[in-house]
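Chain by chain, the residues:
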Amino acid sequence: MTIAFHQQSPNPQLPTSKAIKGQKYLTNAALSTSLVAIVTAFIWLSAIESSSALVNTMNALVPLYFLLFFSIFGYHILRTDATLIWTPIFLFLAYTALFKGLGPLVYVFGDSETTAAIEHGLWARTDAEQLQTNLLNSVATAVILSVMALLLRTQWARRIALGEPRKHISDRSVPIATVAIVFLLLGAIIRYIFILPYSFGMTDSVPPGLAMTFGNLIDLGFALIAYLAATRRGRWMILFWILFPLHASTLFLEFRKSTVVLALLLPAFTAFLAHGDRKRLSAWLIATLMIYSAMTPIANYGRAEIVERGGNNVYSATFVERLEILHHALTRDRESIIKNRGGGEQASWLRLDYSGPMAFAMNSYDRSYTNPTIKDGLWRLVPRAVWPDKPTISGPGRDFYQLVSGTDRQARVGITYYADAYWNGGWPMVVVVSCLIGLFFAIASAYALRWIRTKNFVMFPAILLVADFALRGLNGWVQNGFALIPYLLAYALFIQTLRLFYIHKVKRNLAADRLSVEPHANPRP
């Protein structure tokens with residue numbers, strides 16, 4: 001199995017239809033969400049100062065719509081084309097169902113302890129303010145989906161995603177095994193030399209931004225090895241099951257559920273590209289869900305214990321201290337862990353809800369207190385090599401938390417791209433930012449589909465960066481997205497340079513082959 005820098009011989013698995021599969025469900029989602037946004041806006045404008053039963057009902061219905069309908073749309077999209085699981089076409093729907101559907105429902109259906117934490121906590125808000133955040137989610141989601149649906153219908157997008165591969169002189173390609181080993185080794189260097197020593201309190205040197213951005217490269221290496229194990233089995237399967245558990249054990253010690261889930265899901269998805277067995281994929285997904293459920297109270301306990309020991313620093317605990325904390329968590333019963341450090345039975349549910357920070361940001365703008373985080377974030381695009389005296393840009397999430405809490409605690413809070421846009425420029429800025437997100441998702445989906453269908457795994461790091469952004473990146477700040485652009489361009493430039501090198505090498509080899517087989521001229525008598 002090889003990986004081409006250019007798509008090569010026609011692939012029989014490429015769809016023959018002229019439309020991108022699953023597109024009609026994306027269009028239906030855009031239309032239905034637009035209707036929800038209109039109804040929500042009407043009710044919010046007519047009951048803005050009240051806490052009526054209608055407002056409370058809408059605070060339940062809007063998130064329920066996102067959770068149920070977007071889950072259904074996502075299911076049908078995957079049924080039409082399972083490769084869409086790697087694209088924002090599916091991942092944005094999953095993000096919305098989780099963070100705009102399931103998360104905000106805690107405000108309505110949380111238990112008495114959770115309700116008290118919301119009403120008397122840092123992120124307290126009124127029913128009308130909660131409805132305003134649901135309106136913001138509806139409007140931004142409708143705009144993003146509409147832009148995606150319109151662009152993916154264009155001939156340009158269909159040509160990129162579904163067009164027949166082009167034959168090219170670079171018919172010699174890079175073996176997938178080579179790419180898997182390179183990703184694995186490079187990812188191991190990034191993680192175990194730069195990231196892990198800092199995460200485990202072994203050094204105070206903050207890893208470079210490039211290392212943090214490609215910190216999951218080792219997981220992608222394991223994902224490609226899983227693909228090889230599914231297609232070739234033998235030594236690749238042995239290699240995977242020897243190295244992957246060792247790597248996963250260090251992930252558990254970080255007490256971060258997202259990193260564990262990502263490391264478990266990537267091999268499942270790449271293996272699915274090889275075997276196409278939905279039952280095997282479902283079994284792996286169920287196992288991942290069970291691990292996530294079992295790990296949740298342990299992760300919450302571990303992070304709370306580290307913060308208390310290290311003075312609000314989640315990177316202060318060493319490897320030995322983390323083992324000790326994990327041992328304590330495993331030897332206690334679940335109820336004791338939750339009561340002691342877990343923050344309540346519904347602490348994980350609360351972490352899916354960003355309505356509180358969103359309401360604060362929107363309330364601030366409505367009171368004429370704006371925050372130019374987007375303009376300030378543009379300076380991130382200027383390399384320090386070009387501007388040596390560029391000031392250090394502090395994280396907006398930390399500044400925001402300190403503003404709201406009135407403390408100097410080094411905590412970081414996301415308010416979502418939607419609320420950040422509103423805080424910078426109201427509803428017009430929300431529309432502009434949402435259009436840009438929809439444009440980016442449409443372009444990324446078209447190219448991801450092409451790379452996935454042609455099994456061009458060399459481009460998987462770019463796919464992974466976009467997938468991570470689509471699935472959880474929108475919970476941050478707009479300026480965080482600015483940092484993604486240079487890395488994607490740098491990786492594309494790297495691949496293009498490598499491709500040109502291979503083209504030059506192939507041309508030289510072909511010329512040498514022609515000279516070696518050319519018959520010698522007959523000498524004159």
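Residues numbered from 1 in each chain as written. Predicted model: local features only at pLDDT ≥ 70, side-chain atom pairs only at ≥ 80, totals over all residues. Heavy atoms only, no water.

Draft legend 1. Here's a closer look at the overall build of the protein chain. When you go through the protein chain residue by residue, the secondary structure sums to 22 helices and two strands. Within the protein chain, the proportion of its 525 residues that are buried is 49%. When contacts within the protein chain are restricted to residue pairs at least 6 apart in sequence, long-range pairs at least 24 apart make up 80% of them. For the protein chain, the accessible surface area stands at approximately 25800 Å², while carbon and sulfur atoms represent 63% of it. (Helix = DSSP H or I, 4+ residues; strand = E, 2+ residues; numbered from the N terminus. Buried < 20%, exposed > 50% of the residue type's maximum accessible area, 1.4 Å probe, protein only. Contact = heavy atoms within 4.5 Å. Areas by Shrake-Rupley, 256 points an atom, 1.4 Å probe, with all protein chains shown as cover.)

Draft legend 2. Local environment of the layout of surface pockets. Size it by volume and the second largest pocket reaches roughly 1200 Å³. Lining the second largest pocket are 41 residues, and of these Phe-440, Ile-443, Ala-444, Tyr-447 and Leu-488 lie nearest its centre. Secondary-structure elements contributing two or more residues to the lining of the second largest pocket are helix 7 (155-162), helix 20 (416-453), helix 21 (460-472) and helix 22 (478-517). A total of 14 residues in the lining of the second largest pocket trace back to one element, the largest contributor, which is helix 20. (1 Å grid on protein atoms, 1.4 Å probe; cavity = no way out; pocket = protein on both sides within 12 Å on 5 of 7 lines; lining within 4 Å. Points joined across faces, edges and corners; volume = space filled by probe spheres on them.)

Draft legend 3. Representation of the packing of helix 8 (residues 176-199) against helix 10 (residues 217-231) in the model. Where helix 8 meets helix 10, the closest approach of the two axes is 7 Å, and the angle between their N-to-C directions is 150°. Between helix 8 and helix 10, the angle falls in the class roughly antiparallel. Between helix 8 and helix 10 the crossing geometry is left-handed. Between helix 8 and helix 10, the residues in contact are Ile-176, Ala-177, Val-179, Ala-180, Phe-183, Leu-184, Leu-186, Gly-187, Ala-188, Ile-190, Arg-191 and Tyr-192 and Leu-217, Ile-218, Leu-220, Gly-221, Phe-222, Leu-224, Ile-225, Tyr-227 and Leu-228, respectively. Residues of the contact of helix 8 with helix 10, tallied by class, amount to 18 nonpolar, two polar and one charged. (Axes fitted to C-alpha atoms, helices over the stretch in contact; angles between N-to-C directions. Parallel < 35°, antiparallel > 145°, perpendicular 65-115°, else oblique. Left-handed = near helix turned anticlockwise from the far one by under 90°. Nonpolar A, V, L, I, M, F, W, Y, C, P; charged D, E, K, R; others polar.)

Draft legend 4. Representation of the packing of aromatic side chains within the structure. For the coordinates displayed, the defined rule picks out 32 aromatic pairs. Arranged with centres 6.1 Å apart and planes meeting at 35°, the rings of Phe-200 and Phe-319 form a pair that is tilted. You can see Phe-200 sitting in the loop between helix 8 and helix 9 (209-213) and its partner Phe-319 sitting in helix 14 (residues 319-331), a full 119 residues away along the chain. Relative accessible area serves as the criterion here: at 1%, Phe-200 is assigned to the buried category. Through a chain of ring-to-ring contacts, three or more aromatic side chains come together here, namely Phe-92, Tyr-95, Phe-99, Tyr-354, Tyr-417, Phe-440, Phe-441 and Phe-469. (Phe/Tyr/Trp six-rings, centres within 6.5 Å; stacked < 30°, edge-to-face > 60°.)

Draft legend 5. Up close: the environment of Ala-149. Relative to the helices and strands, Ala-149 resides in helix 6 (residues 127-152). Ignoring sequence-local partners within four residues, the contact set of Ala-149 consists of Gln-23, Leu-26 and Thr-27.

Draft legend 6. Local environment of a nonpolar patch on the surface. A cluster of nonpolar side chains, contributed by Trp-156, Val-432, Leu-436, Leu-439, Ile-443 and Tyr-447, occupies part of the molecular surface with about 510 Å² of accessible area. The greatest single-element share of the nonpolar patch, amounting to five residues, is contributed by helix 20. Structurally, the position occupied by Tyr-447 is in helix 20. For Tyr-447, a relative accessible area of 33% translates into the label partly exposed. (Patch = residues over 30% accessible without salt bridge, like charges linked within 9 Å, V, L, I, M, F, W, Y side chains within 5 Å. Salt bridge = Lys/Arg side-chain N within 4 Å of Asp/Glu carboxyl O.)

Draft legend 7. The environment of Phe-269, seen in detail. Among the secondary structure elements, Phe-269 is positioned in helix 12 (residues 257-275). For Phe-269, the contacting residues outside a window of four places in its chain are Ile-85, Trp-86, Leu-281 and Leu-285.

Draft legend 8. Seen up close, the pattern of salt bridges. Evaluation of the coordinates by the stated rule reveals five salt bridges. The residue Arg-453 makes a salt bridge to Asp-81 at a minimum N-O spacing of 2.3 Å. Linking Arg-453 in helix 20 with Asp-81 in the loop between helix 2 (53-80) and helix 3 (88-102), this pair joins segments that are 372 residues apart in sequence. Taking the relative accessible area as the measure of exposure, Asp-81 reaches 8% and is therefore buried. One salt bridge in this structure joins Glu-254 and Arg-256, with 3.9 Å as the shortest N-O distance. You can call Glu-254 buried: its relative accessible area is 9%. Linked by salt bridges that have partners in common, Arg-191, Glu-254 and Arg-256 make up one network.

Draft legend 9. Inspection of the nonpolar core at higher detail. Ranked by internal contacts, the top residues of the largest apolar core, which has 138 residues, are Phe-70, Trp-86, Tyr-418, Phe-441 and Leu-474. The element best represented in this core is helix 20, accounting for 17 residues. (Core = buried A, V, L, I, M, F, W, Y, C linked by side-chain atoms within 4.5 Å.)

Draft legend 10. Looking closely at helix 7. Within helix 7 the residues assigned to the buried category are Ala-157, Ile-160, Ala-161 and Leu-162. Looking down the long axis of helix 7, one finds its buried residues gathered within 165° of arc, a one-sided arrangement. The inward-facing, buried residues of helix 7 abut helix 6 and helix 20. (Arc of directions from axis to C-beta.)

Draft legend 11. Structural detail: the side chain of Asp-353. Topologically, Asp-353 is positioned in the loop between helix 16 (347-350) and helix 17 (355-366). Polar contacts involving the side chain of Asp-353 include one to the side chain of Arg-125, which spans 2.8 Å. Polar side-chain contacts of Asp-353 include one of 2.6 Å to the side chain of Ser-355. Apart from residues lying up to four places away in sequence, Asp-353 is in contact with Gly-103, Pro-104, Val-106 and Arg-125. (Polar contact = N/O pair within 3.5 Å; in protein donor to acceptor, adjacent residues only side chain to side chain.)

Draft legend 12. Representation of the packing of helix 8 against helix 11 (residues 235-252). Contact geometry for helix 8 and helix 11: axes closest at 14 Å, N-to-C directions at 20°. On the basis of the axis angle, helix 8 is roughly parallel to helix 11. Relative to helix 11, helix 8 is oriented so that their crossing is left-handed. Every residue of helix 11 that contacts helix 8 at Ala-177, Ile-181, Leu-184, Arg-191 and Tyr-192 is listed here: Trp-236, Leu-243, His-247, Thr-250 and Leu-251. Here the contact of helix 8 with helix 11 is built from residues that sort into seven nonpolar, two polar and one charged.

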